[in-house]
Amino acid sequence: MLFHVRMDVKLPHDMADSVAANLKQVEKDKAQALQRSGTWRHLWRIAGQYANVSIFDVADVEELHQLLSTLPLFPYMTIQVMPLCRHPSSIHDDDR
Ligand SMILES: O=C(O)CC1=CCC(=O)O1
């Protein structure tokens, strides 16, 4: 199942720079591993915002929740999820 996910990140102003840098690095490592495995299909920065739009390819909504809720930045993100299904006019065979 494909899901469109928007993540808005808001780190506390009083978070130490070193803590923030470490969290971002661990998040990056996890995100890149999930991209390599094909689970995190797309990752886009929303221009001008500390936010991203992503496409996840997971078995079901439980897997998506497990994945999102264990991201290192999860406590600092507002997340919006949209389930996707194939558009009848799509020419992309992997849109499912
Ligand atoms: O910077 C973000 O948008 C949050 C994030 C998701 C994956 C990652 O590496 O950073």
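Residues numbered from 1 in each chain as written. Predicted model: local features only at pLDDT ≥ 70, side-chain atom pairs only at ≥ 80, totals over all residues. Heavy atoms only, no water.

So, the overall build of the protein
- For the protein, the helix and strand inventory stands at two helices and four strands.
- The linear arrangement of helices and strands in the protein, starting from the amino end, is β-α-β-β-α-β.
- Along the first, second and third principal axes, the C-alpha atoms of the protein reach 50 × 25 × 20 Å.
- Expressed as a percentage of its 96 residues, the buried residues of the protein come to 30%.
- Sequence-distant contacts, at least 24 apart, represent 68% of the contacts inside the protein between residues at least 6 apart.
- Summed over its atoms, the accessible surface of the protein is roughly 6500 Å², and 56% of this surface lies on carbon and sulfur atoms.
- Across the protein, the mean location of the 10 positive side-chain charges is 5 Å away from that of the 12 negative side-chain charges. (Helix = DSSP H or I, 4+ residues; strand = E, 2+ residues; numbered from the N terminus. Buried < 20%, exposed > 50% of the residue type's maximum accessible area, 1.4 Å probe, protein only. Contact = heavy atoms within 4.5 Å. Areas by Shrake-Rupley, 256 points an atom, 1.4 Å probe, with all protein chains shown as cover. Lys, Arg positive; Asp, Glu negative; His and termini not counted. Charge placed at Lys NZ, Arg CZ, Asp CG, Glu CD.)

A short note on the side chain of Asn52
- Among the secondary structure elements, Asn52 is positioned in strand β3 (residues 51–57).
- Classification of Asn52 by relative accessible area gives buried; the value is 9%.
- There is a polar contact of 2.8 Å between the side chain of Asn52 and the side chain of Ser54.
- Discounting residues that sit within four places of it in the chain, Asn52 has contacts with Val5, Arg6, Met7, Leu43, Trp44, Arg45 and Ile46. (Polar contact = N/O pair within 3.5 Å; in protein donor to acceptor, adjacent residues only side chain to side chain.)

So, the sheet that holds β3
- Strands sit in the order β2-β3-β1-β4 across an open sheet of four strands; the sheet is antiparallel. Each edge of the open sheet carries a strand with a single partner, namely β2 (40–45) and β4 (77–84). Pairwise comparison of adjacent strand axes, ignoring direction, gives a mean angle of 15° for this sheet.
- Where strand β1 (residues 2–9) lies against β3, seven bridges are found, and the strand directions are antiparallel. (Pairing = 2+ DSSP bridges. Axes fitted to C-alpha atoms, helices over the stretch in contact; angles between N-to-C directions.)

Notes on the UniProt feature "domain: Muconolactone isomerase" (unreviewed entry) in the protein
- Per the UniProt record, "domain: Muconolactone isomerase" (unreviewed entry) is found at residues 1–89.
- Structurally, residues 1–89 comprises 34% helix and 33% strand, and the distance from its first C-alpha atom to its last is 18 Å. (UniProt positions renumbered as here; feature names shortened; annotations may be inferred.)

Examining the confidence of the model for the protein
- Residues of the protein with pLDDT of at least 70 account for 100%, and the chain-wide mean is 97.
- Both confidence scores are given for the complex: pTM 0.95, ipTM 0.98. (pLDDT = per-residue confidence, 0-100.)

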